[in-house]
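Close look at the chain arrangement
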Amino acid sequence: SCVEQRVNEPQLTGSIMEGQVDLSKAGMAEFQEKLRLQHETSMHKELEKLLTTAKGAEQEISKKDFEGFKNLFHRFLQVKGPSVKWDKIHKPPEDLIHPYDKIKAQVLPDSVAASLNKLVVVKLNGGLGTSMGCKGPKSVISVRNENTFLDLTVHQIEHLNKTFNVDVPLVLMNSFNTDEDTKKILQKYTHHRVHIHTFNQSRYPRINKESLLPVAKDLGVHGDHGDAWYPPGHGDIYASFYNSGLLDQLITAGKEYIFVSNIDNLGATVDLFILNHLMTQPKDKRCEFIMEVTDKTRADVKGGTLIQYDDKLRLLEIAQVPKAHVDEFKSVTKFKIFNTNNLWISLAAIKRLHEQNAMDMEIIVNPKTLDGGLNVIQLETAVGAAIKAFDNALGVNVPRSRFLPVKTSSDLLLVMSNLYSLDAGSLTMSKKREFPSTPHVKLGSSFTKVHDFLMRFESIPDMLELDHLTVSGDVTFGKNVSLKGTVIIIANHGDRIDIPAGAVLENKIVSGNLRILDH
C-alpha cells in the first residue's frame, strides 16, 4: 500500500513512542495530520523555487504540470491502506461485458463512414526503447519489413481514410523524453492522408523517498538533470490532453470519441464493429467508455482486471490488492479477463469530468533507485482507472489478436516471423497456422538488445508449427531454419551453438557446443 512507501511517518512516530509519550488515538491522528501538512507545505515551497528557474514559456507549462502534481501528492499523503475492500469486490455483471462475437455478428450500416468521421485515434507514445537496447522513442524501432510502430500506425489510418473517404486524425501523446525526436520523424508523413497532432504529457518531479521532496534543483531535463523528472503514467492523458487545447479543438471539429492504445500494441487497430456498437447504444444509455478486455492466460496473471465495485465497473490493478489476496487475484478462475489498454472514450465526457475534477484515479506508487543509489518514488496513474467516473461504461471481451504488445525481443521475433502477414499496416495471424494461439517464446539475455537479436538471426525462422521456444546463451540461427513443436536450445557458459542453415528442429532439445565454421 502507499502508506508502506512513506518512510517518514513510522520513523517519526517510532521516535515519539520511545520517548514514552502516551499519545491517544486522537492525538496520534492530529500528529499525523500536522506531519502531512508539513510535507505538503515543504513540497509547495520547493515547487515554487523550481518555477523560478523556468525560461520563457516553460514557466506556464510547468505551472500547469505542478498543479496536477500537487493534487496527486495531496492525495498520496491522504491514502490509508489498500484502496479497495476485498469483500466489496464482485465479478462484473454479464450485461456489462459484451462478447465480441455478438458485436461482430451485427451488419455494419452504411453510416459507418459517418461514425469514422467522429473518431480520433490516440497512441500513447511516451516510452523510450531503452529496455530493448535502443536510443530514442520506442515507436521508431523497426518491427516488420523495415516498418516502425509509427509507420504501421500511419499506414493503418491512411488506409481507413482512403477506403471510406473519411478524416480520422492521429494524435500522439508524447513525453518530454520522446517529443523532440518524434516531431522530426513526423515530417516524413507530410504527404500521407492523415492529419497528425501531438501533445505532451506532464512532467512531474521524482520525490526523494526519505525527505518526500523533489530531487530536482532546477527545471532542466538534459544531462545530469534527466533522472529528476518522469512522465506520470498514461492516466495523465486526461489532464494533459485538456491542457494542450487539442481536446477542445477536436470537439469543435465534430469529433466525439477517441480510440486510445499503446503504440507498441500491434493488435490495436480501429475496429469498425466496436465503433458501430459504441455509436448505436440507446440514447438514454450513451456509453462514454469501452474497455477492451481479453481472456487471461498464465502469462497475464499480473494484468489489471475489471470488477464491479459500488455498482460501478472498476479497474483493479495488482498494486491495489491486499497482500493476502494476491494469489486469488492472479487466479484465472475468479478473474478471467484482463485489460488490454485499448479504450474508446467520449471526448465530451473527458472535458466534463476534467472540469469537475471528478476522475479520481488510484495512485500507483512506483519506487525507483537512481544511478547514484538514491531511492525515489514516482506517483503515477493509469488511463483505464478512470472507467468508474464515466457513465454507462462497458467492457468488450475481444479476441487475443487485439492484444499483441511488443515489449521484448521475444515478442519482436513473433511479429517478424511468418506467423503474421502484413496488410495495410495491420498484422493478422497467418491462415497457414493451424492453432489460433501464439507460441510461447523465451529468448535469453544475449537477445535482449534489438541490435544483438538481429545479429543472431541470418533470417527469421519458420515458426508456423511452433508451440514453445526457449533459447539461452550464445546461440545463432542460419538461414531458413524451421522450428516446430517444442524447441529448447541451451548453450552453457563458454559454449556456442550455431543452428545450421536449413535445419528443421521439431520437439528437440539442443545443448552443449555446436560450431559451424566457414571452410
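Residues numbered from 1 in each chain as written. Predicted model: local features only at pLDDT ≥ 70, side-chain atom pairs only at ≥ 80, totals over all residues. Heavy atoms only, no water.

A closer look at the overall build of the chain
Counting secondary structure elements, the chain contains 15 helices and 25 strands. Computed over its C-alpha atoms, the radius of gyration of the chain comes to 25 Å, within 12% of the 24 Å expected for a compact globule of 519 residues. In terms of overall dimensions, the chain has a C-alpha envelope of 80 × 65 × 50 Å along the principal axes. Within the chain, residue pairs in contact and separated by at least 24 positions form 71% of the contacts whose partners lie at least 6 positions apart. On the chain, roughly 25,100 Å² of surface is accessible, and the fraction owed to carbon and sulfur atoms is 52%. Side chains of the chain give 62 positive and 63 negative charges; the mean places of these two sets differ by 1 Å. (Helix = DSSP H or I, 4+ residues; strand = E, 2+ residues; numbered from the N terminus. Rg over C-alpha atoms; globule rule 2.2 N^0.38 Å. Contact = heavy atoms within 4.5 Å. Areas by Shrake-Rupley, 256 points an atom, 1.4 Å probe, with all protein chains shown as cover. Lys, Arg positive; Asp, Glu negative; His and termini not counted. Charge placed at Lys NZ, Arg CZ, Asp CG, Glu CD.)

Side note on the UniProt feature "binding site: substrate" (unreviewed entry) in the chain
Per the UniProt entry, the sites bearing "binding site: substrate" (unreviewed entry) are His234 in this numbering. Take His234: it is sitting in the loop between strand S9 (229-230) and helix H9 (237-243). Apart from residues no more than four positions distant in its own chain, His234 is found in contact with Leu124, Met173, Asn262, Asn341, Thr381, Ala382 and Val383. Among the polar contacts made by the side chain of His234, one reaches the side chain of Asn341 at a distance of 3.4 Å. (UniProt positions renumbered as here; feature names shortened; annotations may be inferred. Polar contact = N/O pair within 3.5 Å; in protein donor to acceptor, adjacent residues only side chain to side chain.)

A short note on the pairing of strand S21 (residues 466-472)
Where strand S20 (residues 440-443) lies against S21, four bridges are found, and the strand directions are parallel. Its bridge partner lying in S21, Leu443 is registered against Val471. Crossover handedness for the path S20 to helix H15 (residues 450-455) to S21: left-handed. Two elements, S21 and strand S23 (residues 482-490), share six bridges in a ladder whose sense is parallel. Across the sheet, Leu466 pairs through a bridge with Gly485, a residue of S23. (Pairing = 2+ DSSP bridges. Right-handed = clockwise from strand over helix to strand, strands pointing away.)

Details of the UniProt feature "binding site: UTP" (unreviewed entry) in the chain
According to UniProt, the feature "binding site: UTP" (unreviewed entry) maps to Lys138, Gln201, Gly233, Asp264 and Lys407 in the numbering used here. Looking at the secondary structure, you find Lys138 in the loop between strand S2 (119-125) and strand S3 (142-144). Lys138 gets classed as buried once you look at its relative accessible area, which sits at 10%. If near-sequence neighbours (up to four positions away) are discounted, Lys138 is found in contact with Gly127, Leu128, Gly129, Met132, Phe149, Asp264, Val406 and Lys407. Structurally, Gln201 is set in the loop between strand S6 (196-200) and strand S7 (204-205). (Buried < 20%, exposed > 50% of the residue type's maximum accessible area, 1.4 Å probe, protein only.)

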